Amino acid sequence: MKKSMFALVLVSIASSAFAADFSRLSTLKAADLRAKAEAVAVPVPAAPAPVVVPASVPQDVINRFNQVKNDIWRLESDTTWVRSDLDRLESTARRIAQTNSADPFFQNDLQRMSWDIGRYNTSAQNLGMNVKNLLNLAEKDQELNRIARDIDMDARSLLNRVQFDIENSTQRLEWAVRSAKPELIGYNAQWTAMDISRNGRDFSWKVRDISYDAQSLVSKTQP
């Protein structure tokens, strides 16, 4: 009986030891599997392809756009007084015709106006060429489009002044000078007034072309 009890105890002890060893083995295997799983390199997703940013517009092109904008604005500012001076000359010419009395300063003032209108006409011609050159340089760009819109706005303002103020005033001045006697208003006054009127019309046509090209410039640079 004692031997049987002793054998039963040995079997129990052996079973417990085997179970403990199996548990440790299972633990070791699980830990080993986790370590191996962590050791496996996780694939890294490929980096996205770099975004190709188009090269910015060269600074010299931007400078040329700004220069034309400033030149148009300057011409528009310089002509703010022209209509009032033309109207003053017209009033003097009519007074000479109505009173039959000469004005010693009229011919000099008329000649100065002729020079000014001719100078503005030349400036408009140069500006027109510069705007056409910008059309060859234009590309779709936000900054260029912003400057082009400023050019268009100033060109429209200049066109309104030249077309509806200056051109009409030069025509009225010519009519007023023609109504006066040459010996009172000056023998060269009629020719000078004709030059002023002709340059006024040319000035208007040139500015109209600038305005049309400025609109095309806005369209061509629209992003």
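This text follows the structure it describes.
Note that this is a predicted model, so its numbers are computed, not measured.

Q: I'd like a rundown of the overall build of the protein, residues and numbers included.
A: The number of helices and strands found in the protein is 7 helices and 0 strands. The order of helices and strands in the protein, counted from the N terminus, is α-α-α-α-α-α-α. The buried share of the protein, taken over its 223 residues, is 34%. Here the analysis covers contacts within the protein between residues at least 6 apart in sequence; of these, 89% occur between residues at least 24 apart. Just so you have it, the protein exposes about 14200 Å², and 58% of that area is on carbon and sulfur atoms.

Q: Tell me what's going on with the packing of helix 2 (residues 59-78) against helix 5 (residues 142-178), and back it up with residues and numbers.
A: Two elements in contact, helix 2 and helix 5, have axes whose closest approach is 9 Å; the angle formed by their N-to-C orientations is 20 degrees. When the axes of helix 2 and helix 5 are compared, the pair comes out roughly parallel. In terms of crossing hand, the pair formed by helix 2 and helix 5 is left-handed. Contact residues: Val61, Ile62, Phe65, Asn66, Val68, Lys69, Ile72, Trp73, Leu75 and Glu76 in helix 2; Glu143, Leu144, Ile147, Asp150, Ile151, Asp154, Ala155, Ser157, Leu158 and Arg161 in helix 5. Residue composition of the contact of helix 2 with helix 5, by class: 12 nonpolar, 2 polar and 6 charged.

Q: So, unusual backbone geometry: which residues are in play, and what are the values?
A: The backbone of Asn100 shows a phi angle near 55 degrees, a positive value even though the residue is not glycine. With respect to the element layout, Asn100 can be found in the loop between helix 3 (82-99) and helix 4 (106-137). Overall, the relative accessible area of 44% leaves Asn100 in the partly exposed class.

Q: Could you give me a rundown of the packing of aromatic side chains, with the residues and numbers involved?
A: Geometrically, a pair of aromatic rings is defined through the distance of the ring centres and the angle of the planes. Per the stated rule, a full pass over the model turns up 2 aromatic pairs. Consider the rings of Tyr120 and Phe203, whose centres lie 6.2 Å apart with planes at 25 degrees: the pair is stacked. Separated by 83 residues along the polypeptide, Tyr120 in helix 4 and Phe203 in helix 7 (residues 189-221) bring together distant segments of the chain. Each member of the pair, Tyr120 as well as Phe203, carries the same accessibility label: buried. Put simply, the rings of Trp81, Tyr120 and Phe203 pair up and form one aromatic cluster.

Q: Tell me about the pattern of salt bridges, and name the residues and values.
A: Within this structure, the stated rule accounts for 17 salt bridges. Linking Asp116 and Arg119 is a salt bridge whose minimum nitrogen-to-oxygen distance equals 3.1 Å. Taken as a pair, Asp116 and Arg119 lie in helix 4 at a separation of 3 residues, close to a single helical turn. The class for Arg119 is partly exposed, based on a relative accessible area of 43%. Three or more residues are tied together by salt bridges with common partners; here these are Arg83, Asp87, Glu90, Arg94, Asp165 and Arg172.

Q: Tell me about the nonpolar core, residues and numbers included.
A: General note: in soluble globular proteins, nonpolar side chains tend to be found buried as a group. Among the nonpolar cores identified, the biggest contains 46 residues, and Phe65, Phe106, Ile151, Val177, Ile185, Phe203 and Leu217 are the most heavily contacted of them. Counting residues per element, the ones that place at least two in this core are helix 2, helix 3, helix 4, helix 5 and helix 7. The greatest single-element share of this core, amounting to 12 residues, is contributed by helix 5. Leave out the neighbours within four places in its chain, and Leu217 touches Phe65, Leu134, Leu135, Ala138, Ala148 and Ile151.

Q: Tell me what's going on with the packing of helix 5 against helix 7, and back it up with residues and numbers.
A: In contact at an axis separation of 8 Å, helix 5 and helix 7 are set at 160 degrees when each is read in the N-to-C sense. The orientation of helix 5 with respect to helix 7, classified from their angle, is roughly antiparallel. You can see that helix 5 and helix 7 cross each other, and the crossing is left-handed. Taken together, the residues that form the contact of helix 5 with helix 7 break down as 20 nonpolar, 11 polar and 8 charged.

Conventions we followed
- Residues numbered from 1 in each chain as written.
- Predicted model: local features only at pLDDT ≥ 70, side-chain atom pairs only at ≥ 80, totals over all residues.
- Heavy atoms only, no water.
- Helix = DSSP H or I, 4+ residues; strand = E, 2+ residues; numbered from the N terminus.
- Buried < 20%, exposed > 50% of the residue type's maximum accessible area, 1.4 Å probe, protein only.
- Contact = heavy atoms within 4.5 Å.
- Areas by Shrake-Rupley, 256 points an atom, 1.4 Å probe, with all protein chains shown as cover.
- Axes fitted to C-alpha atoms, helices over the stretch in contact; angles between N-to-C directions.
- Parallel < 35°, antiparallel > 145°, perpendicular 65-115°, else oblique.
- Left-handed = near helix turned anticlockwise from the far one by under 90°.
- Nonpolar A, V, L, I, M, F, W, Y, C, P; charged D, E, K, R; others polar.
- Phe/Tyr/Trp six-rings, centres within 6.5 Å; stacked < 30°, edge-to-face > 60°.
- Salt bridge = Lys/Arg side-chain N within 4 Å of Asp/Glu carboxyl O.
- Core = buried A, V, L, I, M, F, W, Y, C linked by side-chain atoms within 4.5 Å.

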